[in-house]
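Fold and contact review
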Amino acid sequence: MDWTLLLTTTGAMALVRWGLRRHTLHPLKRKSSLLLKLTVVVFSVLLFCEYLIYYLVIFRCHWPEVKMPAHGHQKEPVLKAMFLADTHLLGEIQGHWLDKLRREWQMERAFQTALWSLQPEVVFILGDIFDEGKWSSAQAWADDVQRFQRMFRHPSHVQLKVIVGNHDIGFHYQMSKYRVKRFEKVFDSKMLFSLKGVNFVMVNSVAMEGDGCNICSEAEAGLMEISRRLNCSREVPGSSQCGGGQRLPASAPVLLQHYPLYRTSDANCSGDDAAPLEERTIPFKERYDVLSREASLKLLWWLRPRLVLSGHTHSACEVLHAGRTPELSVPSFSWRNRNNPSFIMGSLTSRDYALSKCYLPCEDTVLATYCGAAGLLMVLTLAHFERLVSPFLGTCSERAGRADEQAAAAHGGK
């Protein structure tokens, strides 16, 4: 036996085994490095898309400045009010769990961020709080209410006022005394609310059918009483027979309801959050898409509002009624109904008001961020394995080749 060849071969094999052990440690280190990188990317994207983006977007919103009276008049207090609409919390029948999780988290984060950043004094939600209130069972209703109260929780100094919508109690043919009372028991929906000298009238627009049903008759009777009180507030004390009760602030009211006042369509609406072009010219159906002409004229005549805010269409629109009463349709607050939800910020005094719109993050932006992050994760993973495999195979094959050459040379020397 050639001991030189044996020793050379044995040494070469030992060198290869040592190299293999040495390079086995590097992949472990690189693997832990990859996991760390992937964890950092995933955590950063989740933090941005599910939390920070709401602050970045809503921080750009500011309360509009309301005109103050000329010199010689006492400065009036300014009321800061938020108006949002059509949250449509999904129910147990049609609500998919992933849809609930995604869209309700979006609304909760947007609302809580807006409360923290903007500090409103009162928040109005203009109907369709729930998606299945018109047919939900008692237990399903209780569950939906609990979710709503968690999502739209607010400090005690912020008032939350909710207007009823057709999805909360049903359209007129579905509406019942039971559903109306169930809604009012939770939300204490009084028709008249005054704060800082500003009057708000909140109308159950589903009950403005005009067919004399019990609920409709009660709603109209309540509005006529509010009309009387508003007219008395405009009178000089002692000049009429309004009685000695507590007077309302001498201020034209802000009318809040779910259905818009009558208009033929959204053809004259414009803006990024208006209805799509192909839908704007579709005629509206009275008592379904908008109030009837008759009900709209009654409300304008009885209440003489200085501003009307409504929801229901899920899109924005500005309309001027009778040449002097502006109405603003508030878009939906949920990603489920539109890609770019928003809400209205109002600075109001007893004489004047100013409105501005605050947009929420677009769903497309969030989804694009997630897709970009997924691509980055794939690139990092592929790059890692390419660096891991190529040097390892190259080094081991080179060393094994040199060992074979040495063994062959030694054998040839024999």
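Attention in this report is confined to the structure presented alongside it. (Residues numbered from 1 in each chain as written. Predicted model: local features only at pLDDT ≥ 70, side-chain atom pairs only at ≥ 80, totals over all residues. Heavy atoms only, no water.)

Helices and strands together make up the secondary structure of the protein, namely nine helices and 11 strands. Classification of the 414 residues of the protein by burial places 47% in the buried group. Here the contacts in the protein between residues at least 6 apart in sequence split such that 75% fall between residues at least 24 apart. About 21600 Å² of surface is accessible on the protein, with carbon and sulfur atoms providing 59% of the total. (Helix = DSSP H or I, 4+ residues; strand = E, 2+ residues; numbered from the N terminus. Buried < 20%, exposed > 50% of the residue type's maximum accessible area, 1.4 Å probe, protein only. Contact = heavy atoms within 4.5 Å. Areas by Shrake-Rupley, 256 points an atom, 1.4 Å probe, with all protein chains shown as cover.)

This part covers the environment of Ile-163. Relative to the helices and strands, Ile-163 resides in strand β3 (residues 159-163). With a relative accessible area of 2%, Ile-163 lands in the buried category. Separated by 36 residues in sequence, Ile-163 and Gly-127 have C-alpha atoms that sit 4.9 Å apart. Among all residues touching Ile-163, those that are not within four sequence positions of it are Phe-124, Ile-125, Leu-126, Gly-127, Ile-129, Asp-168, Phe-183, Met-202, Val-203, Leu-256, Gln-257 and His-258.

For the rest of this paragraph, the subject is the packing of aromatic side chains. For the coordinates displayed, the defined rule picks out 19 aromatic pairs. With 5.9 Å between their ring centres and 70 degrees between their planes, Tyr-55 and Phe-59 make a pair best called edge-to-face. Of the residues examined, Phe-59 reaches a relative accessible area of 43% and is grouped as partly exposed. Measuring from centroid to centroid gives 6.1 Å for Phe-124 and Phe-193, while their planes differ by 70 degrees, and the two rings are edge-to-face. Pair noted here: Phe-124 is in strand β2 (residues 122-126) and Phe-193 is in strand β4 (residues 192-195), with a separation of 69 residues, a long-range link. Across the pair, Phe-193 and Phe-124 agree in class, each one buried. Three or more aromatic residues joined by ring pairs form one cluster here, namely Phe-111, Phe-130, Trp-141, Phe-148, Phe-152, Phe-183, Phe-187, Phe-333 and Phe-343. In this structure, Lys-285 packs its charged tip against the face of Tyr-288, placed 5.4 Å from the ring centre. (Phe/Tyr/Trp six-rings, centres within 6.5 Å; stacked < 30°, edge-to-face > 60°. Lys NZ or Arg CZ within 6 Å of the ring centre and 35° of its normal.)

So, about the sheet that holds β4. An order of β4-β5-β6-β7-β9-β8 is seen for the six strands of this open sheet, with the pairing classed as mixed. In this open sheet, the two strands that pair with only one neighbour each are β4 and β8 (317-321). Averaged over all pairs of adjacent strands, the angle between strand axes in this sheet comes to 20 degrees, irrespective of strand direction. Alignment of strand β6 (residues 254-256) against strand β7 (residues 307-310), held across three bridges, turns out to be parallel. Following the sheet pairing, Val-254 is matched in β7 by Leu-307. Along the sheet, helix α6 (residues 214-234) contacts β4 and β5 (198-202); its crossing angle with β5, the most-contacted strand, is approximately 165 degrees. (Pairing = 2+ DSSP bridges. Axes fitted to C-alpha atoms, helices over the stretch in contact; angles between N-to-C directions.)

Helix α8 (residues 293-303) packs onto α6 with a crossing angle of 30 degrees between their chain directions and a minimal axis gap of 8 Å. By the angle class used here, α6 and α8 are roughly parallel. In this structure, α6 uses Glu-220, Leu-223, Met-224, Ile-226, Ser-227, Leu-230 and Arg-234 to contact α8, whose residues at the interface are Lys-298, Leu-299, Trp-302 and Leu-303. Among the residues forming the contact of α6 with α8, the class breakdown is seven nonpolar, one polar and three charged. (Parallel < 35°, antiparallel > 145°, perpendicular 65-115°, else oblique. Nonpolar A, V, L, I, M, F, W, Y, C, P; charged D, E, K, R; others polar.)

On the surface, Phe-43, Leu-47, Tyr-51, Leu-52 and Leu-56 cluster together into a nonpolar patch covering about 470 Å² of accessible area. Among the structural elements, Leu-52 can be located in helix α1 (residues 3-58). (Patch = residues over 30% accessible without salt bridge, like charges linked within 9 Å, V, L, I, M, F, W, Y side chains within 5 Å. Salt bridge = Lys/Arg side-chain N within 4 Å of Asp/Glu carboxyl O.)

Before going further, it helps to spend a moment on the packing of helix α3 (residues 138-151) against helix α5 (residues 177-187). Orientation of α3 relative to α5, taken along the N-to-C sense of each, is 30 degrees, at an axis distance of 12 Å. Judged by the inter-axis angle, α3 sits roughly parallel to α5. In the packing of α3 onto α5, the handedness of the crossing is right-handed. Taken together, the residues of α5 that come into contact with α3 (itself represented by Ala-138, Trp-141, Val-145, Phe-148 and Gln-149) are Tyr-178, Arg-182, Phe-183, Val-186 and Phe-187. (Left-handed = near helix turned anticlockwise from the far one by under 90°.)

We now examine unusual backbone geometry. The backbone of Asp-128 shows a phi angle near 55 degrees, a positive value even though the residue is not glycine. By the secondary structure assignment, Asp-128 is in the loop between β2 and α3. Classification of Asp-128 by relative accessible area gives buried; the value is 2%. Of note in the backbone geometry, Lys-196 takes a positive phi value of approximately 55 degrees without being a glycine.

Read these as geometric descriptors, not functional statements.
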